[in-house]
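Each chain, letter by letter, is given below.
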Amino acid sequence: MIKALTNTGSIKSTLVGTAVVVTALTLSIMPSHAQEKEQIRSQEDQKMVASVAAGGRLYDNWIRELAVKPPKKPHPLYPDEGRLADQPLETWRCVTCHGWDYLGDKGNFAKGDNFTGIKGIAGMIGTAPNKIKAKLKEPQHAYLDVFDDQAMEDIANFVSIGLVPMDRVIDRTTGRAMAKAQPSSPYYSTICVNCHGGDGRMMETIPPLGDAARNDPWQALHKMLNGHPGDDMPALRAFDVNTTLTTLAYVQALPSRDTLYSIARGGKLYDDWAAEIDTNYPKDKHKAFPKGKEIEANSSTWRCIECHGWDYKGAHGVRGIRNMIGSHPATIIKVLKDDVHNLDHKLNYADFYDLAVFVSRGQVDMNEYIDARTREARGNPDRSTQYYLTLCATCHGEEGRAIRTMPAIGRVATDKPWQALHKILHGHPGDEMPAWQATMTPANIKDVLAKLQTLPKRK
Ligand code: HEC
Ligand code: HEC
Ligand code: HEC
Ligand code: HEC
């Protein structure tokens with residue numbers, strides 16, 4: 001497959017430096033020493049590889065890579081009706097208009113949120129860098145003033161010889177790397193693990209790498225070849241494309257974030273996100289909190305429960321979240337990032353994701369557990385003694401009075417059964433109390449709640 005790449009006229013152009021790409025493509029994954037000797041590249045060619053990678057990072061986000069102030073006005077060529085029209089910085093990134101697959105409106109950006117109707121740049125593969133520079137300097141493209149000579153050089157080199165013909169290495173319909181599945185990967189296990197963790201789930205600011213690489217393989221391949229703008233992530237470009245492709249195949253098999261973990265953590269964030277992530281709520285009252293309503297002194301109008309309730313049916317006059325059960329996490333994340341919620345930049349990717357998974361898949365119908373009229377748990381306290389004594393009493397004590405920072409557990413379970421139930425299901429934010437939703441059956445949980453309601457109300 002990769003061999004075929006080297007035979008294409010578009011890659012084998014007449015340019016200086018193109019030899020780098022061609023040799024790179026034919027290297028095997030682990031070159032033998034004999035091969036290594038044969039293929040030593042000239043100093044010029046080696047510097048060219050670095051320049052192309054730098055150009056790739058500029059293509060991704062030159063404002064981050066060059067650490068310069070973002071332009072205040074949107075890019076003149078960005079369509080007024082585009083989704084990012086109100087975020088000037090985003091409109092200046094090359095990738096916004098020309099795509100991660102370099103195919104613009106003919107590629108992955110042909111429809112959906114990223115559509116701009118602008119063509120790709122893959123047609124420029126092999127074009128002399130000077131012609132590319134001239135394109136960028138055209139007044140409507142407007143890059144003359146923002147790039148210095150080096151940046152201009154790097155990005156022109158990238159467009160000229162650094163573009164991977166994506167449709168030859170990534171299957172457009174499945175999104176999978178056209179490489180054999182990899183049971184292990186020396187590149188992943190020695191390079192990527194340091195920052196992304198053995199399973200790709202260590203960085204909380206981005207999706208698990210497996211998800212990222214499955215959802216947008218073109219972006220993943222681009223970043224793996226060129227690095228992440230403004231960060232220390234190494235660029236694999238010095239190895240051959242085949243190496244990066246087999247690494248991508250490995251990354252695409254890494255796991256998603258664990259659903260049960262997300263539900264439990266999402267439930268804790270819903271209860272009290274500042275406590276769970278160990279931060280403080282903004283000092284000002286939340287703008288969406290209804291006027292004239294009061295909350296307890298030690299709470300905050302920024303907690304989900306104050307607007308949407310312990311039973312998820314709404315509180316203080318705000319509607320509930322039960323209608324969103326089963327919705328796609330991405331749909332819920334959009335709501336959480338809207339102007340009403342005002343949480344963008346306050347929570348990171350993993351927080352939004354876990355909250356969304358909780359909303360979508362973690363809500364129980366509390367009427368099945370608690371009689372809303374009498375507030376009594378619909379369970380049998382006598383059936384749960386073994387559970388209470390083995391799972392709860394270690395921390396709460398036989399009578400439920402052992403934890404000094406909280407009232408007697410019998411009091412909480414009787415006066416605030418919905419709050420107690422939510423915490424039994426999801427655990428207590430920022431504390432070691434386990435979440436029991438995944439391991440105890442609904443019947444066990446009803447019985448335990450009934451048991452708590454029989455315990456002493458006073459300390
Ligand atoms: C706001 C949108 C936008 C951004 C951002 C943008 N371009 Fe373009 N680019 C265009 C449009 C529009 C064209 C002209 C397409 C046409 O001729 O139909 C173009 C054309 C090009 C071409 C020529 C393509 C061809 O086949 O003729 C290249 C190369 C190019 N851009 C590179 C870049 C690079 C590199 C960056 C980032 C430094 C960039 N562009 C950023 C909109 C953009
Ligand atoms: C020195 C640390 C470091 C190493 C090593 C590293 N990365 Fe990264 N990677 C980052 C950072 C930082 C980001 C950007 C995080 C952000 O946007 O918040 C990133 C982002 C990514 C992304 C984009 C994910 C997305 O959806 O935004 C991919 C894909 C990726 N890395 C793959 C890899 C692979 C594969 C390797 C090994 C070849 C690797 N990284 C090695 C630091 C590293
Ligand atoms: C200060 C009050 C307030 C807080 C705090 C709040 N929300 Fe909301 N939420 C609203 C309002 C008002 C709406 C309806 C308007 C909208 O869709 O944005 C809403 C809508 C929603 C919806 C969509 C419900 C539907 O059926 O369309 C979800 C899901 C949601 N919120 C989740 C959360 C989560 C999770 C949190 C905690 C991180 C949270 N909200 C915190 C006020 C709040
Ligand atoms: C590892 C210790 C630990 C275990 C085991 C544990 N909890 Fe907790 N639990 C806590 C802590 C700590 C808190 C929070 C105390 C506070 O509010 O300061 C808590 C809080 C609670 C609350 C909420 C009280 C409130 O103020 O709303 C309930 C209800 C509860 N636990 C029930 C249970 C039940 C039922 C079990 C067994 C199925 C259990 N817990 C097991 C440590 C534990």
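The shown structure was predicted, so the numbers you read here are calculated from the model rather than taken from an experiment.

The rules behind each value
- Residues numbered from 1 in each chain as written.
- Chains lettered and ligands numbered in written order.
- Predicted model: local features only at pLDDT ≥ 70, side-chain atom pairs only at ≥ 80, totals over all residues.
- Heavy atoms only, no water.
- Helix = DSSP H or I, 4+ residues; strand = E, 2+ residues; numbered from the N terminus.
- Contact = heavy atoms within 4.5 Å.
- Areas by Shrake-Rupley, 256 points an atom, 1.4 Å probe, with all protein chains shown as cover.
- Lys, Arg positive; Asp, Glu negative; His and termini not counted.
- Charge placed at Lys NZ, Arg CZ, Asp CG, Glu CD.
- Near = heavy atom within 4 Å.
- Polar contact = N/O pair within 3.5 Å; in protein donor to acceptor, adjacent residues only side chain to side chain.
- Nonpolar A, V, L, I, M, F, W, Y, C, P; charged D, E, K, R; others polar.
- Donors = N, O, S within 2.8 Å, 3.2 Å for Na, K, Ca; no water.
- Tetrahedral: all angles 85-135°; square planar, octahedral: opposite > 155°, others 65-115°.
- Buried < 20%, exposed > 50% of the residue type's maximum accessible area, 1.4 Å probe, protein only.
- pLDDT = per-residue confidence, 0-100.
- Phe/Tyr/Trp six-rings, centres within 6.5 Å; stacked < 30°, edge-to-face > 60°.
- Domains from an automatic or database assignment.
- Buried area = accessible area lost by both parts, 1.4 Å probe.
- Salt bridge = Lys/Arg side-chain N within 4 Å of Asp/Glu carboxyl O.

Caption draft 1: Quick peek at the overall build of the chain. From N to C terminus, the chain includes 20 helices and zero strands. Each of the three principal axes of the chain carries a C-alpha extent, and together these read 85 × 50 × 35 Å. If you take every contact in the chain between residues at least 6 apart in sequence, the share linking residues at least 24 apart comes to 63%. In the form shown here, the chain has an accessible surface area of approximately 23,700 Å², with 53% of it arising from carbon and sulfur atoms. The average position of the 57 basic charges and that of the 54 acidic charges among the side chains of the chain differ by 2 Å.

Caption draft 2: Expanded view of the site of ligand 3. Every one of the 23 residues lining ligand 3 counts as a neighbour, but Cys-304, Cys-307, His-308, Arg-319 and His-341 are closest to it. Taking Arg-319, its side chain carries an N or O atom lying 2.7 Å from an oxygen atom of ligand 3. If you list the elements that add at least two residues to the shell around ligand 3, you get α14 (304-308), α15 (329-336) and α16 (349-362). In terms of residue count, α14 provides more of the shell around ligand 3 than any other element does, three residues in total. Taken together, the residues of the shell around ligand 3 sort by class into 14 nonpolar, six polar and three charged.

Caption draft 3: How the structure looks around the coordination of the iron atom of ligand 3. Distances from the iron atom of ligand 3 to its protein donors, His-308 (NE2) and His-341 (NE2), fall within 1.9 to 2.0 Å. For the iron atom of ligand 3, the six donor atoms in the first shell make angles of 88 to 179° at the metal, so the coordination geometry reads as octahedral. With a gap of 33 residues between them, His-308 in helix α14 and His-341 in the loop between α15 and α16 connect regions that are remote in the sequence. Exposure remark for His-308: the relative accessible area of 14% places this residue in the buried category. Of the residues examined, His-341 reaches a relative accessible area of 18% and is grouped as buried.

Caption draft 4: Region of interest: the coordination of the iron atom of ligand 4. Donor atoms from the polypeptide that bind the iron atom of ligand 4 are His-396 (NE2) and Met-433 (SD), placed at 2.0 Å. Each of the six donor atoms bound to the iron atom of ligand 4 contributes to angles spanning 87 to 179°, and the resulting shape is octahedral. With a gap of 37 residues between them, His-396 in helix α17 (residues 385-396) and Met-433 in the loop between α19 (417-426) and α20 (442-452) connect regions that are remote in the sequence. Look at His-396 and you get buried, because its relative accessible area is 9%. The exposure class of Met-433 is partly exposed, given its relative accessible area of 24%.

Caption draft 5: Seen up close, the confidence of the model for the chain. Per-residue confidence for the chain averages 91 on the pLDDT scale, and 92% of its residues sit at or above 70. In this model, residues 1-34 is a region of pLDDT below 50 whose contacts with residues beyond four sequence positions or in other chains number 60 contacts.

Caption draft 6: The site of ligand 2, seen in detail. In the vicinity of ligand 2, 20 residues are found, and the nearest of them are Cys-192, Cys-195, His-196, Thr-205 and Met-233. Separating an oxygen atom of ligand 2 from a side-chain N or O atom of Thr-205 is a distance of 2.9 Å. With respect to ligand 2, the side chain of His-228 contributes an N or O atom lying 3.4 Å from an oxygen atom. For the shell around ligand 2, the secondary-structure elements that each account for two or more residues are α9 (186-196), α10 (209-215) and α11 (217-226). Partitioned by chemical class, the residues of the shell around ligand 2 number 13 nonpolar, four polar and three charged.

Caption draft 7: The packing of aromatic side chains, seen in detail. Evaluated as defined, the whole model comprises 15 aromatic pairs. Relative to Tyr-250, the ring of Tyr-188 lies with its centre 5.5 Å away and its plane at 45°, an arrangement referred to as tilted. Here Tyr-188, found in helix α9, pairs with Tyr-250, found in helix α12 (residues 241-251); they are 62 residues apart in sequence, far enough to count as distant. Here Tyr-188 matches Tyr-250 in class, with each residue buried.

Caption draft 8: Representation of α12 in the model. The buried fraction of α12 amounts to 10 of the 11 residues, a majority that puts the element mostly inside the structure. For α12, the set of buried residues is Val-241, Thr-243, Thr-244, Leu-245, Thr-246, Thr-247, Leu-248, Ala-249, Tyr-250 and Val-251.

Caption draft 9: Structural view of the domain arrangement of the chain. Taken domain by domain, the chain consists of domain 1 (2-251), domain 2 (259-363) and domain 3 (381-452). Each of domain 2 and domain 3 was reduced to a C-alpha centroid, and the two centroids are 23 Å apart. On the domain 3 side, the residues contacting the 16 residues of domain 2 number 13 residues. Regarding the contact of domain 2 and domain 3, the summed buried area is about 1,100 Å², with carbon and sulfur atoms giving 58% of it. Three residues stand out in domain 2 for area buried against domain 3, namely Lys-268, Asp-271 and Trp-310, and they jointly supply 44% of the buried area on that side. Between Lys-423 and Asp-271 there is a salt bridge, with the nearest N and O atoms lying 3.0 Å from each other. Inspection of the domain 2/domain 3 interface yields seven residue pairs in polar contact (both at pLDDT 80 or more).

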